[in-house]
Amino acid sequence: MAFGGFNSEGHSAPLADINMVPLIDVMLVLLIVFMITAPLLTHAVKIDLPAAASQASNEKPETITLAIDGAGKMFWNDQPIADGELATRLSTAAAASVQPELHLRADRETRYQKLAEVMSAAKTAGIQKIGFVTVPER
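About the criteria used
- In this numbering scheme, every chain counts its residues from 1 along its sequence in written order.
- Residue-level local features of this predicted model are given only where pLDDT is at least 70; pairs of side-chain atoms are given and counted only at 80 or more, and the full residue set underlies all totals for whole chains, interfaces and linings.
- Heavy atoms throughout the structure, all of them, feed into the side-chain values; hydrogens and water do not.
- Here, any two strands with at least 2 DSSP bridges between them count as paired.
- Counting from the N terminus, the helices are the DSSP runs of H or I reaching at least four residues and the strands are the DSSP runs of E reaching at least two.
- Every axis corresponds to a line fitted to the C-alpha atoms, with the helix fit spanning only the stretch in contact, and the corresponding angles, defined between N-to-C directions, vary from 0 to 180 degrees.
- Pairs of residues are marked as contacts when any of their non-hydrogen atoms sit within 4.5 Å.

Novice: How should I be thinking about the pairing of strand E1 (residues 63–68) in this particular structure?
Specialist: Residues in a regular strand point their side chains to alternate faces of the sheet. Where E1 lies against strand E4 (residues 101–106), six bridges are found, and the strand directions are parallel. Note on E4: the bridge partner recorded for Leu66 is Leu104. Where E1 and strand E2 (residues 74–76) come together, three bridges link them in antiparallel fashion. Pairing of Leu66 across the sheet is with Trp76, part of E2. Joining the antiparallel neighbours E1 and E2 is a turn of five residues, in which Gly72 adopts a positive phi near 100 degrees.

Novice: Looking at this structure, I do not really get the sheet that holds E2. What am I missing?
Specialist: Pairing between sheet strands relies on hydrogen bonds along the backbone, with the strands arranged either parallel or antiparallel. Overall, mixed pairing links the five strands, which are arranged E3-E2-E1-E4-E5 in an open sheet. Every other strand in the sheet has two partners, leaving strand E3 (79–81) and strand E5 (130–133) as the edge strands with one partner each. The mean inter-strand angle of the sheet, taken between neighbouring strand axes irrespective of direction, is 30 degrees. Contacting E1, E2, E3 and E4, helix H2 (residues 83–94) runs over the sheet at an angle of about 30 degrees to E2.

Distances and angles like these do not, on their own, reveal function.
Structure (structure tokens):
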């Protein structure tokens with residue numbers, strides 16, 4: 001490093017060098033601290049955990065297919081039903097021990113109002129799972 005003298009002949013600009021010695025000292029101290037503390041973080045306490053065993057439920061829920069055509073007629077698993085019969089069938093399905101899944105298939109011309117009524121009746125009956133069946137485009 002160059003220091004300025006008492007000589008007034010050389011008016012030079014201030015020295016703009018970074019002093020690296022303190023930075024290196026800090027890095028070495030941090031390295032030593034991490035080398036000491038790293039093995040302490042991997043220390044684990046040995047405990048005897050209880051073992052639990054369970055079997056997966058193989059009982060598959062029933063699937064109910066409710067189809068609605070363009071005219072608003074409904075089909076419960078491909079069997080035609082009346083409008084008043086829907087609520088009772090949904091109630092008995094919701095009361096089963098394993099609740100079935102309700103799959104709704106609707107024609108393109110089916111009015112949204114009819115779909116909303118069917119979904120509302122299913123919710124009122126207590127059906128938890130409702131899905132929509134569609135045909136993918138080719």
